[in-house]
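Report on the structure
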Amino acid sequence: MWFLMGQWDTRSSCKGLAPNKQSISYADHHSFLFVLRENFRTSLYEGQETFQINGIIVAYNLLMVVLSAFFFFYGGSKTYLFGKYNLMCEPVDYSTDHESMLLVKIGWWYLMLKIAEFADTEDTTLSSFINCFIHMIMYSYYCLAALGPQMQKYLWWKKYLTQMQMIQFIIATIHAAIPIFYDCGFQPVFAYIIIFHAVLFLGMFYNFYRKTYSEQIRMKNKSRQFLEELKKNESKQNGEQVAVGGNVKKDN
């Protein structure tokens, strides 16, 4: 995305941060995971013995919680929590002083985290900062869910996690729109890309939320109506039985 930022950022070429033949590219990473996934599915369909990977899933999610927490608190301490970053709009910094280069390294390792998460995303610094907080919670949920059915009673807050994710994209959209109307040294073209990305994911999450939880509410209402009708029918039948019993006694 360097051509959208107005100039080439050469700082990532320092100390092994530049992509080269030995670097893991998105294409290589995605291709490897795709082949691994398809081979695993094939082994299932062919009836081959499968592996129990719950322990791996739990360990992976715990690692993602720790890494997301690191980037949120440590990265935040250098930017929005205790750093000098402007919450409204932070211009692109091309300087090579120690503090700036540290942020470049943090950003590079954050990109590696996104690759590990299999999430090809475009974010501003604030969006990434919020995303780390959301992912701390999200991977905590995944970790608990992977522990087994006995944990389901503790996962009632899934609905609120989805709401937080949607709020994240709303904030990202609003924040990315600022450089379009206010010149703060951030390329507006890149802002449009972020807005498109955020709105797209907001629509996807909202569609999931509406289908999942609206359907649940509809089913609950339908079940409640069914139980009410059942009680009414039982009361009606009991009343008819009492009336019939009374008529029998009178006839006797």
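Residues numbered from 1 in each chain as written. Predicted model: local features only at pLDDT ≥ 70, side-chain atom pairs only at ≥ 80, totals over all residues. Heavy atoms only, no water.

The chain appears in an unreviewed UniProt entry as Elongation of very long chain fatty acids protein from Caerostris extrusa. Per UniProt, the chain carries the Subcellular location (unreviewed entry) text "Membrane". Within the UniProt record for the chain, the comment given under Catalytic activity (unreviewed entry) is "a very-long-chain acyl-CoA + malonyl-CoA + H(+) = a very-long-chain 3-oxoacyl-CoA + CO2 + CoA". (UniProt positions renumbered as here; feature names shortened; annotations may be inferred.)

Focus: a nonpolar patch on the surface
A contiguous nonpolar surface patch, about 250 Å² in accessible area, is contributed by Ile-53, Ile-56 and Ile-57. Take Ile-53: its relative accessible area is 33%, and that puts it in the partly exposed class. (Patch = residues over 30% accessible without salt bridge, like charges linked within 9 Å, V, L, I, M, F, W, Y side chains within 5 Å. Areas by Shrake-Rupley, 256 points an atom, 1.4 Å probe, with all protein chains shown as cover. Salt bridge = Lys/Arg side-chain N within 4 Å of Asp/Glu carboxyl O. Buried < 20%, exposed > 50% of the residue type's maximum accessible area, 1.4 Å probe, protein only.)

Quick notes on the packing of helix α2 (residues 54-78) against helix α4 (residues 125-146)
Contact geometry for α2 and α4: axes closest at 8 Å, N-to-C directions at 160°. Between α2 and α4, the crossing angle belongs to the class labelled roughly antiparallel. Here α2 runs over α4; the crossing is left-handed. Its residues assigned to classes, the contact of α2 with α4 shows 18 nonpolar, six polar and no charged. (Axes fitted to C-alpha atoms, helices over the stretch in contact; angles between N-to-C directions. Helix = DSSP H or I, 4+ residues; strand = E, 2+ residues; numbered from the N terminus. Parallel < 35°, antiparallel > 145°, perpendicular 65-115°, else oblique. Left-handed = near helix turned anticlockwise from the far one by under 90°. Nonpolar A, V, L, I, M, F, W, Y, C, P; charged D, E, K, R; others polar.)

Examining the UniProt feature "transmembrane region" (unreviewed entry) in the chain
UniProt's entry tags residues 51-74, 128-148, 160-182 and 188-209 with the feature "transmembrane region" (unreviewed entry), counted in the numbering of this structure. Structurally, residues 128-148 is divided into 90% helix and 0% strand, and its ends, taken at the C-alpha atoms, are 31 Å apart. Between the end C-alpha atoms of residues 160-182 there is a gap of 33 Å, over a span that is 96% helix and 0% strand.

Some details on the side chain of His-135
Along the chain, His-135 falls in helix α4. Overall, His-135 belongs to the buried group, its relative accessible area being 10%. Sequence-distant contacts of His-135, that is, excluding residues within four places in its chain, are made with Ser-68, Lys-114 and Glu-117. (Contact = heavy atoms within 4.5 Å.)

Points about the packing of α2 against helix α3 (residues 98-116)
One can describe the packing of α2 onto α3 by two numbers: an axis separation of 11 Å at closest approach and a directional angle of 160°. With respect to their mutual orientation, α2 and α3 come out roughly antiparallel. You can see that α2 and α3 cross each other, and the crossing is left-handed. Every residue of α3 that contacts α2 at Tyr-60, Met-64, Leu-67, Phe-71, Tyr-74, Gly-75 and Lys-78 is listed here: Glu-99, Leu-102, Leu-103, Ile-106, Trp-109, Tyr-110, Leu-113 and Ala-116. When grouped by side-chain class, the residues that make up the contact of α2 with α3 number twelve nonpolar, one polar and two charged.

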